[in-house]
2 protein chains.
Amino acid sequence: MASTSSSASVTVDGKLSEEFAVPSHVEEMRCLMAEFAEKNAAAGRKVVLITSGGTKVPLESRTVRFLDNFSSGRRGASSAEYFLDSDYAVIFLHRHRSLYPYTRLYSGVNFLDSLKCETEEEGSCQVLVDQKALPNIVTVLRKYQAVKAAGLLLPIEFNTLSEYLHLLKAAAQALNSTGSKAMFYLAAAVSDFYIPASEMPEHKIQSSNGPLQISMKMVPKMLSPLVKDWAPKAFVISFKLETDPSILLERARQALATYKHQAVVANVLDTRRGYVVVVTKDSQHELVLSEDEVKKEVEIEEKIVSNLSAAHSHFMAQQG
Amino acid sequence: MASTSSSASVTVDGKLSEEFAVPSHVEEMRCLMAEFAEKNAAAGRKVVLITSGGTKVPLESRTVRFLDNFSSGRRGASSAEYFLDSDYAVIFLHRHRSLYPYTRLYSGVNFLDSLKCETEEEGSCQVLVDQKALPNIVTVLRKYQAVKAAGLLLPIEFNTLSEYLHLLKAAAQALNSTGSKAMFYLAAAVSDFYIPASEMPEHKIQSSNGPLQISMKMVPKMLSPLVKDWAPKAFVISFKLETDPSILLERARQALATYKHQAVVANVLDTRRGYVVVVTKDSQHELVLSEDEVKKEVEIEEKIVSNLSAAHSHFMAQQG
């Protein structure tokens, strides 16, 4: 067992350091995450690492063009809120400018449209929020401020695939000592393909050279060393998004068989906001929003988090 | 002349309708833009169409992956403000969620961090802005509200390259009757490459198929029919961004010779916030921010807009 284990991590570690530039702040972030996890675990809290948003894959080293994955970050951001409601401490590893917990509720509003000046006596101005423009703002603001004051949410940003991969490894190492109290909720839309630094042109590709041919290599699968080596006691959830429903469950089962983690949340692009399947080694739970729930603006993430936090408690009890 | 002219537009028009899906709202947007331009031109105002942000180029028809161009939309959004200060009416054709005039000044702030509740007598709550968290908010808000109330800013959004191309054509047609009072300020980072709908896989590309080969075709050059056919009397500015300074001016001159428009704003990725060259058929103006100006947070867009609006007035006078 030890040999398979270490070979998986040696392969991925080798690729990580050779082909993906190490972000300069990765050590600092690892310390921040470890401190956050230890403090919260000591206070009796479970800790979840949520990854969210798409990764940017540069086509040039001085990057003008890049490959990206469709993801607004909505699922990760809303899930973070439900995990906080369920007494988790949350590390939110997200793409820069993707949706953010609480703030995401107003992402469709230009916030300047919600403000008004009120002149005070000496000619100075108070700026007030028009609460009709930001529904429930008082409740949301109080929740946001309480989470912040209690230090229950640690935001960490990435832009590129390289940053994501190194920060995920750092997070896994930081959470290792949290044992089975740690959950990984890997909702980010991570590229499967990249161009190694050695094969990347330095400068902007010129359109005058004619049509473009791009050859991309496979991104190393992080789940393998994460589950085997970096955080072997943690409760690990991956996501599987497909556009073709007919291959979805087969792909989810393949992922579980390959990586031997605890669950896959399987979903189809067109229906992802109202239907997912939580697949484990020996179960399959369909989570669906009823028409009535859709009307009441219930979010599917509430059900996903409820299902997984119960499974996580069960897992912790089993691990003793 | 007429034959070259119509052949340019026939080629691009043919490709546009065959290979780039027409967005369903393009007619509605054309009407909105034409109405906006006519109203403002009748009031004696110049009208500028600003394009801003990068274009999304799908790799699958049910899109999970796409190619994108680096662009926050900062240049377009700040230029819009300076054009409004210079009495232009502005059509702001921008990538969904890219930076927006005025709001962009606070893009680094999570707006929930700037709000506080103040309990009123009956237990209800006023939500106030902490003005230290949003510097100059009173001035900025007043400007934003004045522009909105006067109907001087028309925002139009795009996401994909197809949407951009069709909306740009519609804008050009909508502005044709504005004659030389119309300026096109084409600051968007538009992809040079795309995959035709007919060659695009329907479903998400499977990573289990191994490394990825992508073949992309050249995007038709819109500047050619725009200048020759769609809005032949307008004052047209394109942007040229390179990473290699040694080829920049040559590329800018090539573009002017090919499309015969009025100016190219040439800039290099690393220095684009402090240095640009405005290249015309017979002149070359370097615009630079001094160290002192950088300290005072002067923006290079103020200089670009000042240079171009003077050139536009001169151009209008020449056209009679």
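For clarity, every value in this text was computed on a predicted model and none was experimentally measured. (Residues numbered from 1 in each chain as written. Chains lettered and ligands numbered in written order. Predicted model: local features only at pLDDT ≥ 70, side-chain atom pairs only at ≥ 80, totals over all residues. Heavy atoms only, no water.)

Some points on the overall build of chain A
Here is step 1: Regarding its fold elements, chain A presents nine helices and 14 strands.
Here is step 2: Computed over its C-alpha atoms, the radius of gyration of chain A comes to 21 Å, within 12% of the 20 Å expected for a compact globule of 320 residues.
Here is step 3: Put simply, chain A has 320 residues, and 56% of those count as buried.
Here is step 4: A sequence separation of at least 24 residues applies to 73% of the contacts in chain A between residues at least 6 apart.
Here is step 5: Roughly 14,000 Å² of accessible area belongs to chain A as shown, and the carbon and sulfur atoms make up 51% of that amount.
Here is step 6: In chain A, 35 side chains carry a positive charge and 37 a negative one; their mean positions are 4 Å apart. (Helix = DSSP H or I, 4+ residues; strand = E, 2+ residues; numbered from the N terminus. Rg over C-alpha atoms; globule rule 2.2 N^0.38 Å. Buried < 20%, exposed > 50% of the residue type's maximum accessible area, 1.4 Å probe, protein only. Contact = heavy atoms within 4.5 Å. Areas by Shrake-Rupley, 256 points an atom, 1.4 Å probe, with all protein chains shown as cover. Lys, Arg positive; Asp, Glu negative; His and termini not counted. Charge placed at Lys NZ, Arg CZ, Asp CG, Glu CD.)

A word on the interface of chain A and chain B
By a frequent convention, interface size equals the accessible area lost on bringing the separate parts together.
Here is step 1: Tallying the contact residues gives 66 residues for chain A and 66 residues for chain B.
Here is step 2: Regarding the contact of chain A and chain B, the summed buried area is about 6,100 Å², with carbon and sulfur atoms giving 57% of it.
Here is step 3: Along the contact surface separating chain A from chain B lie four salt bridges.
Here is step 4: Among the secondary structure elements, those contributing two or more residues to the side of chain A that touches chain B are strand S3 (65-69), strand S5 (115-119), strand S6 (125-129), helix H4 (137-149), strand S10 (212-218) and strand S11 (235-242) of chain A.
Here is step 5: Here the side of chain A that touches chain B takes seven residues from H4(A), the largest share from any one element.
Here is step 6: Partitioned by chemical class, the residues of the side of chain A that touches chain B number 32 nonpolar, 18 polar and 16 charged.
Here is step 7: Bridge count between S10(A) and strand S10 (residues 212-218) of chain B: five bridges; the pairing is antiparallel. Looking at S10(B), one finds that A:Ser215 is bridged to B:Gln213. (Buried area = accessible area lost by both parts, 1.4 Å probe. Salt bridge = Lys/Arg side-chain N within 4 Å of Asp/Glu carboxyl O. Nonpolar A, V, L, I, M, F, W, Y, C, P; charged D, E, K, R; others polar. Pairing = 2+ DSSP bridges.)

Here we look at unusual backbone geometry
Only a minority of non-glycine residues have a phi that is not negative, and only a minority of peptide bonds are not trans.
All names here are of chain A.
Here is step 1: Even without being a glycine, Asp-87 presents a positive backbone phi close to 65 degrees.
Here is step 2: As for its placement among the helices and strands, Asp-87 is situated in the loop between helix H3 (74-85) and strand S4 (88-95).
Here is step 3: Take Asp-87: its relative accessible area is 58%, and that puts it in the exposed class.
Here is step 4: Non-glycine residue Tyr-102 carries a positive phi angle of around 70 degrees.
Here is step 5: Relative to the helices and strands, Tyr-102 resides in the loop between S4 and S5.

Some details on the relation of the copies chain A and chain B
Here is step 1: If you rotate chain A by 180 degrees and push it 0.0 Å along the axis, it lands on chain B with an RMSD of 0.0 Å. Here the transformation between the copies is reduced to the relation of a two-fold axis.
Here is step 2: A shared interface surface links the copies, since 100% of the contact residues of chain A are contact residues in chain B too. (Least-squares fit on C-alpha atoms with pLDDT ≥ 70 in both.)

Section: the sheet that holds strand S1 (residues 46-52) of chain B
Residues and elements named next belong to chain B.
Here is step 1: The mixed open sheet is built from eight strands, whose spatial order is S7-S4-S1-S8-S11-S12-S13-S14. Looking along the sheet, the strands with just one partner apiece sit at the ends: strand S7 (153-158) and strand S14 (283-288). Across the sheet, the mean angle separating the axes of adjacent strands is 15 degrees when strand polarity is ignored.
Here is step 2: Relative to strand S12 (residues 263-268), strand S11 (residues 235-242) runs parallel, the two sharing six bridges. From the neighbouring strand, Phe-239 faces S12, where its bridge partner is Val-265.
Here is step 3: Taken strand by strand, helix H2 (residues 26-42) contacts S1, strand S4 (88-95) and S7, and its axis lies near 160 degrees from that of S7.
Here is step 4: Set on the sheet, helix H5 (residues 161-175) makes contact with S1, S4, S7 and strand S8 (182-186); between it and S1 the angle comes to about 175 degrees. (Axes fitted to C-alpha atoms, helices over the stretch in contact; angles between N-to-C directions.)

A look at the pattern of salt bridges
Residues and elements named next belong to chain A.
Here is step 1: Counted according to the given criterion, the structure contains 30 salt bridges over all chains.
Here is step 2: Between Lys-217 and Glu-19 there is a salt bridge, with its nearest N and O atoms 3.5 Å apart. In this pair, Lys-217 sits in strand S10 while Glu-19 sits in helix H1 (residues 2-19), placing the two residues 198 residues apart along the sequence.
Here is step 3: For Lys-217, a relative accessible area of 29% corresponds to the partly exposed category.
Here is step 4: Here the salt bridges do not stand alone but share partners, grouping Arg-74, Arg-75, Glu-81, Arg-104, Glu-299 and Glu-301 into one network.

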